[in-house]
Amino acid sequence: TSRIRVGAAHLELEKLDDEGVRIFAESGFDGGARNVATALLEPSGDRHSLQPVLQESRTFHGDGSLRGTLRIDHRTRVATCGRSNGDTLAIERIELPASDRVANVALTLLFEPLMRGETPSAAFQMFLCEGGARLMDFEAHVQRRAAGAHGPGSLVEVRYRPDIGP
């Protein structure tokens, strides 16, 4: 496999005073498009896991101009897409169902039980803006485990895809 650098990625996880967690992620192609995403997570009712409170993402064209925004507010149960039309931002909005499982920014945390072998698959939703604001069901599973830097089975490949039924 030839490895050619195409861009940079940066991820920060910050534990907050209230036991919440803030995620900041930035990735992009050198001299090209990039994405900046943030998420705020808080302890769930059982205090053993985290649940998303707010997820935001902004995408930029290669010239640095804003391409679009995505915002998922789990408290107000509203998700919005913003598409840049040059000088203005066209906003599209949908209501989230009470039982939403939207994990756009927090996918890495969602996959943790899969990586630990606690469950064979994980069902979640993604909020999509391209082609119109909508939620889509997804499913993730462990494709393979291999020996990694931390021993046998420590390198885990997780794959996910839209759940379009049997």
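First, a word on what this report is: a plain description of the structure on this page. (Residues numbered from 1 in each chain as written. Predicted model: local features only at pLDDT ≥ 70, side-chain atom pairs only at ≥ 80, totals over all residues. Heavy atoms only, no water.)

Under the counting rule described, the total for this entry stands at five aromatic pairs. Taken together, a centroid distance of 5.7 Å and an interplanar angle of 20 degrees make the contact between F124 and F138 stacked. Separated by 14 residues along the polypeptide, F124 in strand 8 (residues 121–128) and F138 in strand 9 (residues 134–148) bring together distant segments of the chain. Take F124: its relative accessible area is 0%, and that puts it in the buried class. For F138, a relative accessible area of 9% puts it in the buried group. (Phe/Tyr/Trp six-rings, centres within 6.5 Å; stacked < 30°, edge-to-face > 60°. Helix = DSSP H or I, 4+ residues; strand = E, 2+ residues; numbered from the N terminus. Buried < 20%, exposed > 50% of the residue type's maximum accessible area, 1.4 Å probe, protein only.)

Another point: the state of the cysteines. One pass over the full model with this rule turns up one disulfide. Between the sulfur atoms of C81 and its disulfide partner C129 the distance amounts to 2.0 Å. Classification of the bridge connecting C81 and C129 rests on its S-S torsion, roughly -90 degrees, and on that basis the disulfide is left-handed. Here C129 lies in the loop between strand 8 and strand 9 and C81 lies in strand 6 (residues 78–84), a separation of 48 residues in the sequence. (Disulfide = S-S within 2.5 Å.)

Here the focus is the layout of surface pockets. In this structure, the largest pocket occupies an estimated 800 Å³ of space. Lining the largest pocket are 35 residues, and of these N35, S57, T59, L70 and N104 lie nearest its centre. By residue class, the composition of the lining of the largest pocket is 18 nonpolar, 12 polar and five charged. If you trace the second largest pocket, you find 23 residues lining it, with S49, L50, Q51, L109 and L110 closest to the centre. Of all the secondary-structure elements, those providing two or more residues to the lining of the second largest pocket are strand 3 (34–43), strand 4 (50–60), helix 1 (107–110), helix 2 (112–115) and strand 8. Counting residues per element, the lining of the second largest pocket draws most heavily on strand 4, at three residues. (1 Å grid on protein atoms, 1.4 Å probe; cavity = no way out; pocket = protein on both sides within 12 Å on 5 of 7 lines; lining within 4 Å. Points joined across faces, edges and corners; volume = space filled by probe spheres on them. Nonpolar A, V, L, I, M, F, W, Y, C, P; charged D, E, K, R; others polar.)

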